[in-house]
Amino acid sequence: MSVTTKLLRLYRVDQQITGLQSRLKAAQRFLDEQERQIGGLETKRNAIDAQVRQLSATAGNLENDANSIQVRIDTLRELMNNAKTNKEYQALLVEVNTLKADKGKIDEQAIGYLEQIEKLQAELAELNTQKSEREKVKGVAATDRDQRADEIRDRLEELKKQREHLVKEVPADALAIYKDRTVRFGDDEDGVMAAIHTHDFRRHEFVCGSCMMGIPFESVLAILKEKLTPCTSCGVIMFVEEDLAEKLTAKSK
Ligand SMILES: [Zn+2]
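The model shown is predicted, which means the values in this text are computed figures rather than measured ones. All chains use their own residue numbering, which begins from 1 and follows the written sequence. Where local features are concerned, this predicted model is filtered to residues with pLDDT of at least 70; where side-chain atom pairs are given and counted, the filter is 80 or more; whole-chain, interface and lining totals use all residues. As a rule here, side-chain values come from all non-hydrogen atoms in the structure, and water together with hydrogens is ignored.

1. Comments concerning the nonpolar core
Point 1. Here, nonpolar core means buried Ala, Val, Leu, Ile, Met, Phe, Trp, Tyr and Cys residues that are tied together by side-chain atoms lying within 4.5 Å of each other. Relative accessible area decides the class of each residue, using a 1.4 Å probe on protein chains only: under 20% of the type maximum gives buried, over 50% gives exposed, and in between gives partly exposed. Leu-7, Leu-10, Tyr-11, Val-170, Tyr-178, Met-193 and Ile-237 are the most contacted members of the largest nonpolar core, which totals 20 residues.
Point 2. The numbering of helices and of strands both runs from the N terminus, where a helix is a DSSP run of H or I of at least 4 residues and a strand a run of E of at least 2. Of all the secondary-structure elements, those providing two or more residues to this core are helix H1 (3–81), helix H2 (86–169), helix H3 (172–185), strand S1 (193–200) and strand S4 (237–239).
Point 3. In terms of residues, this core owes the most to one element, H1, which gives six residues.
Point 4. In this structure, this core is formed jointly by two domains, domain 1 (3–168) and domain 2 (175–252), each of which donates at least three residues.
Point 5. Listed in part, the 16 residues of the second largest apolar core include Ile-196, Phe-217, Val-236 and Met-238. These domain limits were set by an automatic method or by a database of domain assignments.

Shown next, in the form of C-alpha cells:
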C-alpha cells in the first residue's frame, strides 16, 4: 500500500473524528454563549442594584432633612402662636415661609430620586425575567451538550483506536508533513489532503482538488507510483481517487 493511501486512510478517520466533534463543539459553543449572556445580565443587574442602593441612601438623607425642617417649622409655629408683638410674629412667619420653600425643594428632589428608583426597579425586574428565561435555555443547552457527548463517545473511541493503528503504518516523514498540514489547514475543506480532479483526461490535464491549479501529468503518475506528492501551488497532499487510478492504469496497459 502506498504512503498516500495510508495517509488517506488516516485522513478519512480524522475527518470522521472532526465531523463527530464538530456537533459537540457547536453544542458547547451554544452553551458557552448562554453562560456569557447570563453573565452579561448579572453584570447589568449588579450595576443597577448598586445605583438603586445609592439613590435610596440619597433619598433617605433628603427625607431626614425634610423631617428636620418640619420639626423646626412646627417649633416656629408654636412660637408664632405665642408671639407677643406683630413684629415678632412677622419675623417668625418669614422664617417659616423660607423653611417651607426649602422643604418644598427638598421634597421635590426626593420625589425625583424615588421616581428614578422606581424605573430602575422595573428594569431589574425585566432583567430578572430575562435571566430566568436564559437560565432555561442554558439548561436545555447543557442537556443537549451532554447528550451529544454521550452519543459520540463510543464511536469516537472506536475511531481513535483505528487512528492509533493507522498512524503506526505511516512513515515518520510523511506523517510530519501530514501533521503540519493538519495544524495549519485542518479547518479548511480539502486543506490537508485533496483528490486530483480531471480537467481533460484525453489531454492529460489534471488539477489540484484544493487550489484548482493545473498539475503536471508526471505528478499524477508519481502518486500512482506511491510517491507522496504535495501540490506545488498550495502544498496540499494530493491523492488519486480509485476510479481515476483505474482509468489511468487501464490506459497505460
Ligand atoms: Zn493545490
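Here the narrative resumes, following the displayed structure.
2. Regarding the packing of aromatic side chains
Point 1. When the centres of two rings from Phe, Tyr and Trp lie within 6.5 Å, Trp using its six-membered ring, the rings pair. Their planes under 30 degrees apart give stacked, over 60 give edge-to-face, and anything left gives tilted. What the rule picks out here adds up to two aromatic pairs.
Point 2. The interplanar angle of 90 degrees and the centroid separation of 6.2 Å between the aromatic rings of Phe-201 and Phe-206 together place this pair among those described as edge-to-face. Neither residue differs from the other here; Phe-201 and Phe-206 are each classed as buried.
Point 3. The exposure class assigned to Phe-206 is buried, which follows from its relative accessible area of 2%.
Point 4. Counting every residue linked through ring pairs, the aromatic cluster contains Phe-201, Phe-206 and Phe-217.
Point 5. In our convention, an over-ring charge means Lys NZ or Arg CZ found within 6 Å of a ring centre and within 35 degrees of that ring's normal. The cationic tip of Lys-247 hangs over the ring face of Phe-201; the distance from NZ or CZ to the ring centre is 4.5 Å.

3. Some points on the domain arrangement of the chain
Point 1. For the chain, the domain assignment lists domain 1 (3–168) and domain 2 (175–252).
Point 2. In this structure, domain 1 and domain 2 have C-alpha centres spaced 56 Å apart.
Point 3. Every residue pair with non-hydrogen atoms within 4.5 Å of one another is taken to be in contact. Each side of the interface is counted separately: domain 1 has ten residues, and domain 2 has 14 residues.
Point 4. Accessible area that two parts lose when put together, evaluated with a 1.4 Å probe and summed over both, is termed the buried area. Summed over both sides, the interface of domain 1 with domain 2 buries roughly 970 Å², with 69% coming from carbon and sulfur.
Point 5. For the domain 1 face of the interface with domain 2, the top three residues by lost area are Thr-4, Leu-7 and Tyr-11, together amounting to 59%.
Point 6. By definition here, a salt bridge exists when the distance from a side-chain nitrogen of Lys or Arg to a carboxyl oxygen of Asp or Glu is within 4 Å. The tally of links from domain 1 across to domain 2 stands at zero salt bridges.
Point 7. Polar contacts here mean pairs of N or O atoms no more than 3.5 Å apart (in protein, one a potential hydrogen donor and the other a potential acceptor; neighbouring residues in sequence count only if both atoms are side-chain atoms). The interface formed by domain 1 and domain 2 holds one residue pair in polar contact (both at pLDDT 80 or more) in total.
Point 8. Of all the secondary structure elements, the ones that give two or more residues to the side of domain 1 that touches domain 2 are H1 and H2.
Point 9. Looking at the side of domain 1 that touches domain 2, the element that brings in the most residues is H1, giving eight residues.

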